[in-house]
Amino acid sequence: MSHVDMSKWPSAWKRFMYRGYTLEELVKMPLDKLIEIAPSRIRRSLKRGFTPEQRKFLEKLRKYPKKVIRTHVRDMIIIPEMIGRRIAIHNGLEFVTVRITPPMLFHYLGEFAPTNKPVQHSSPGKGATRASKFVAKK
């Protein structure tokens, strides 16, 4: 399917298996066969085909094999030819650089670039009322 240099992959990746297929077999596998072994949600999405933005992203990925590719396409499904690449995924504020590893196979890019931070409350801010300034002792 693509021109992936497998000699540079870590040895742990070579032992990776997905539904009975090794990583090398998955990379060589045509898209039709990949669709058959994908989970149902991903299978449905792949059967519909790639959107123009996703196609453009894949072309860029193939054209620049050494570069970190920056993208806004968060709904792109991770396929075997992306494994080992570094992709900068936009989270709404900045680009989060992610290295694609075998366990990420058939997940969405957006899953690895969270769009919000958990709220961490601290003491009351300036202008708070007397009652709301109370902080319980622990």
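Before reading further, recall that the structure is shown in the block above.
Thresholds, definitions, all that
- Residues numbered from 1 in each chain as written.
- Predicted model: local features only at pLDDT ≥ 70, side-chain atom pairs only at ≥ 80, totals over all residues.
- Heavy atoms only, no water.
- Salt bridge = Lys/Arg side-chain N within 4 Å of Asp/Glu carboxyl O.
- Helix = DSSP H or I, 4+ residues; strand = E, 2+ residues; numbered from the N terminus.
- Buried < 20%, exposed > 50% of the residue type's maximum accessible area, 1.4 Å probe, protein only.
- Phe/Tyr/Trp six-rings, centres within 6.5 Å; stacked < 30°, edge-to-face > 60°.
- Contact = heavy atoms within 4.5 Å.

A.B. asks: Residues and numbers for the pattern of salt bridges, please.
C.D. replies: If you walk through the whole model with that rule in mind, you get one salt bridge. For Glu81, the salt bridge identified is with Arg62, shortest N-O distance 2.8 Å. Pair noted here: Glu81 is in the loop between strand S3 (69-71) and strand S4 (86-90) and Arg62 is in helix H5 (residues 52-63), with a separation of 19 residues, a long-range link. By relative accessible area, Arg62 is classed as partly exposed at 37%.

A.B. asks: Explain the packing of aromatic side chains residue by residue, including any values.
C.D. replies: The tally for this structure, following the rule as stated, stands at one aromatic pair. Aromatic side chains Tyr18 and Phe106 sit 5.3 Å apart centroid to centroid with 55° between the ring planes, which places their arrangement in the tilted category. Here Tyr18 is found in strand S1 (residues 17-18), whereas its partner Phe106 is found in the segment after strand S5 (95-99), with 88 residues between them in sequence. Neither residue differs from the other here; Tyr18 and Phe106 are each classed as buried.

A.B. asks: Which residues make up the side chain of Gln54, and what values do they have?
C.D. replies: In this fold, Gln54 is placed in helix H5. Excluding anything up to four places from it in sequence, Gln54 contacts Gly49, Val73, Asp75 and Met76.

A.B. asks: Mind laying out the environment of Ile78, listing which residues take part and the relevant values?
C.D. replies: Among the secondary structure elements, Ile78 is positioned in the loop between S3 and S4. Assessed through its relative accessible area of 0%, Ile78 is described here as buried. Residues Ile78 and Leu109, spaced 31 residues apart in sequence, show a C-alpha to C-alpha distance of 6.6 Å. Discounting residues that sit within four places of it in the chain, Ile78 has contacts with Ile100, Met104, Leu105, Phe106, His107, Leu109 and Phe112.

A.B. asks: Please give an account of the environment of Phe106 that cites residues and values.
C.D. replies: Residue classification places Phe106 among the buried positions, given a relative accessible area of 5%. The sequence separation of Phe106 and Arg43 amounts to 63 residues, and the corresponding C-alpha distance is 9.1 Å. Sequence-distant contacts of Phe106, that is, excluding residues within four places in its chain, are made with Tyr18, Leu34, Ala38, Pro39, Ile42, Leu46, Ile77 and Ile78.

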